[in-house]
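Next come the chains, spelled out residue by residue.
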Amino acid sequence: MFFKSSKINEFRLWGLLLTMLGMGLMVLGTAGIVFWGQSGKVVAAIGLVIGLIAMLASLGIYFWAGMLSTSAVQLECPECHKLTKMLGKTDRCMFCKTILTLDPAQATVTAEQLEQQQASGVSSQS
Ligand SMILES: [Zn+2]
C-alpha cells in the first residue's frame, strides 16, 4: 500500500497515473518530430511504443480492478455509514479511510499496529 486509501481506489489511481503517463509519452514523442525533425522520429517511435504499453497496462489494471470489485464485500462503514467495498480481510473505507476488517482477531488492532504489521511484511518480502 503506497497510499492511505482503500485498495480499489488505489488500483484506480494507478490506472489513471499509467494512462496519464502513456498519453504524456505519446504527446512528447510526437512533439519530438516537430522539434528535432528527422532524428526526432526515433524519439517519437520509442515514445509511442512505451506510451502504448503504459496505456495497455493501465487498461489491464482497470480490468483487474473491475474483476476484483465484483468479488469485493459490500458493507456499511461503521464510521461514516456510507456503503463501501473492501478487498481481503482488511481494507480502508473508500470515503473516510477508516481501517475495516472481517477478521475478529484483528478487530482490536489499532491503525498504528496495523501499519507496523504491513511495514514489517513489506520489508520481509524484499
Ligand atoms: Zn467510512
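Values in this document were obtained by computation on a predicted structure and should not be read as measured data. (Residues numbered from 1 in each chain as written. Predicted model: local features only at pLDDT ≥ 70, side-chain atom pairs only at ≥ 80, totals over all residues. Heavy atoms only, no water.)

Caption draft 1: Inspection of the coordination of the zinc ion at higher detail. At the metal site, the zinc ion is ligated by Cys77 (SG), Cys80 (SG), Cys93 (SG) and Cys96 (SG), and these contacts range over 2.2 to 2.3 Å. In this structure, the zinc ion is coordinated by 4 donor atoms arranged in tetrahedral fashion, with angles at the metal of 108 to 113°. As a motif over one chain, the donors of the zinc ion read C-x2-C-x12-C-x2-C. Of this pair, Cys80 sits in the loop between β1 (73-76) and β2 (83-86) while Cys96 sits in the loop between β3 (90-92) and β4 (99-101); the two residues are 16 residues apart in sequence, bridging distant segments of the chain. (Donors = N, O, S within 2.8 Å, 3.2 Å for Na, K, Ca; no water. Tetrahedral: all angles 85-135°; square planar, octahedral: opposite > 155°, others 65-115°. Helix = DSSP H or I, 4+ residues; strand = E, 2+ residues; numbered from the N terminus.)

Caption draft 2: Focus on a nonpolar patch on the surface. A cluster of nonpolar side chains, Leu13, Trp14, Leu16, Leu17, Met20 and Tyr62, forms an exposed patch at the surface whose accessible area comes to about 550 Å². In terms of residue count, helix α1 (residues 7-36) provides more of the nonpolar patch than any other element does, 5 residues in total. Along the chain, the position of Leu13 falls in helix α1. Of the residues examined, Leu13 reaches a relative accessible area of 34% and is grouped as partly exposed. (Patch = residues over 30% accessible without salt bridge, like charges linked within 9 Å, V, L, I, M, F, W, Y side chains within 5 Å. Areas by Shrake-Rupley, 256 points an atom, 1.4 Å probe, with all protein chains shown as cover. Salt bridge = Lys/Arg side-chain N within 4 Å of Asp/Glu carboxyl O. Buried < 20%, exposed > 50% of the residue type's maximum accessible area, 1.4 Å probe, protein only.)

Caption draft 3: Quick peek at unusual backbone geometry. Here His81, not a glycine, exhibits a phi torsion of approximately 60°, which is positive. Structurally, His81 is set in the loop between β1 and β2. Look at His81 and you get exposed, because its relative accessible area is 54%. You will see that Lys97, though not glycine, has its phi angle at about 65°, which is positive. Tracing the backbone through its elements, the reader meets Lys97 in the loop between β3 and β4.

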